Amino acid sequence: MRKPFVAGNWKMHKTTSEAIELIDELQPKIEDLSNVEIVFCVPFTCLSVTAEKLHQSKIGVGAQNVHWEKQGAYTGEISPLMIKEFGNYVIIGHSERRSLFGETNETVNKRMIAALNNDLIVIVCVGESLQENESGKTEEVITQQMRIAFSDVPPNQLNNVVIAYEPIWAIGTGLACDPNKANEIIKYSIRKPLIEMYGEKIANETRVLYGGSVKGSNAKEYFIQPDIDGALVGGASLKLEFVEIVRAAA
Ligand code: PGA
């Protein structure tokens, strides 16, 4: 019922010529897959060439952050309208934005509302730190992230939202979360608040991804979980290995 979804988060990697090389390597190997939604979330500077390369392709183009204003005196920021020129997707609230660049649950919410109002499909990230995990706060932390991120987001916009559960301690560390555990956290800390906010139907229709050290070799273990609908992939999205992950989802 929920179409599998795999997004590559390129983070701060690739110049435009390197982006073209990577797309040329990956695209022909995943282009034929119809049973999975694939998105490349590239640096702002690569949006234009990526959009051009993928013009005729089913592979989607996305950014990794967005500001909530349409335009104005916000030096260094990019608005939803500017992203929409090139792609339909945007990552919001990635833990690196939260921990390194002062992103809060409240600013995640502002970005969500602005992105959705400008017809972008949002990949919103939630997840707990190692310390929160070890002190038994996972459910509390993620439930709070969910409630604030979704405040004032109307139910009719939920079909343009994909949620990524990314335990911070699993990102880029090689320490992937146990798939059964990830499924349980998604069930109780993501789908449960969704049910409370939007009801069973919408909660059941909303796609939830796992992210954090997803590799070609472990992807399938996540995708067989009932509450996991795909992956947000960092490091492995920059390699041929991404093909294996996408194929596992399809
Ligand atoms: P990783 O990153 O796959 O390199 O762990 C995931 C992410 O940050 O989205």
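See the structure printed just above.
Remember, predicted model here, so these are calculated numbers, not experimental data.

Calculation criteria
Residues numbered from 1 in each chain as written. Predicted model: local features only at pLDDT ≥ 70, side-chain atom pairs only at ≥ 80, totals over all residues. Heavy atoms only, no water. Phe/Tyr/Trp six-rings, centres within 6.5 Å; stacked < 30°, edge-to-face > 60°. Helix = DSSP H or I, 4+ residues; strand = E, 2+ residues; numbered from the N terminus. Buried < 20%, exposed > 50% of the residue type's maximum accessible area, 1.4 Å probe, protein only. Pairing = 2+ DSSP bridges. Near = heavy atom within 4 Å. Polar contact = N/O pair within 3.5 Å; in protein donor to acceptor, adjacent residues only side chain to side chain. 1 Å grid on protein atoms, 1.4 Å probe; cavity = no way out; pocket = protein on both sides within 12 Å on 5 of 7 lines; lining within 4 Å. Sits in = over half its atoms within 2 Å of the grid points. Nonpolar A, V, L, I, M, F, W, Y, C, P; charged D, E, K, R; others polar. Axes fitted to C-alpha atoms, helices over the stretch in contact; angles between N-to-C directions. Contact = heavy atoms within 4.5 Å.

Caption draft 1: Up close: the packing of aromatic side chains. A complete count under the given rule lists 6 aromatic pairs for this structure. Arranged with centres 6.1 Å apart and planes meeting at 70°, the rings of Phe150 and Tyr198 form a pair that is edge-to-face. Note that Phe150 is positioned in the loop between α7 (138–149) and β6 (161–165) and Tyr198 in helix α8 (residues 179–198), a separation of 48 residues in sequence. Overall, the relative accessible area of 13% leaves Tyr198 in the buried class. Aromatic rings pair up to connect Trp10, Phe40 and Phe242 into one cluster.

Caption draft 2: Quick peek at the pairing of β6. Counting buried positions along β6 gives 5 out of 5 residues, so the element sits mostly inside the fold. Of the two faces of β6, the one holding Val161, Ile163 and Tyr165 and the one holding Val162 and Ala164 are both buried throughout. Both β6 and strand β7 (residues 207–211) contribute to a ladder of 4 bridges, which runs parallel. Bridging across to β7, Val162 finds its partner in Arg207.

Caption draft 3: Spatial organisation of the site of the ligand. Of all residues adjacent to the ligand, which total 13 residues, the nearest are Lys11, His94, Glu166, Gly172 and Ser213. Here Glu166 contributes a side-chain N or O atom positioned 2.7 Å from an oxygen atom of the ligand. Between an oxygen atom of the ligand and a main-chain N or O atom of Ser213, the distance comes to 2.7 Å. More than half of the atoms of the ligand fall within 2 Å of the grid points belonging to the second largest pocket. In terms of residue class, the shell around the ligand is made up of 4 nonpolar, 7 polar and 2 charged.

Caption draft 4: Geometry of the sheet that holds strand β5 (residues 121–126). Sheet architecture is closed into a barrel: 8 strands sit in the order β1-β2-β3-β4-β5-β6-β7-β8, paired in parallel fashion. Ignoring strand direction, the axes of neighbouring strands in this sheet form an average angle of 25°. Looking at chain direction, β5 and β6 are connected through 5 bridges and run parallel. Each residue of the ladder has a partner; that of Val124, found in β6, is Ile163. Sheet contacts for helix α11 (residues 241–249): β1 (5–9), β2 (37–41) and β8 (230–233); angle to β1, the most-contacted strand, approximately 160°.

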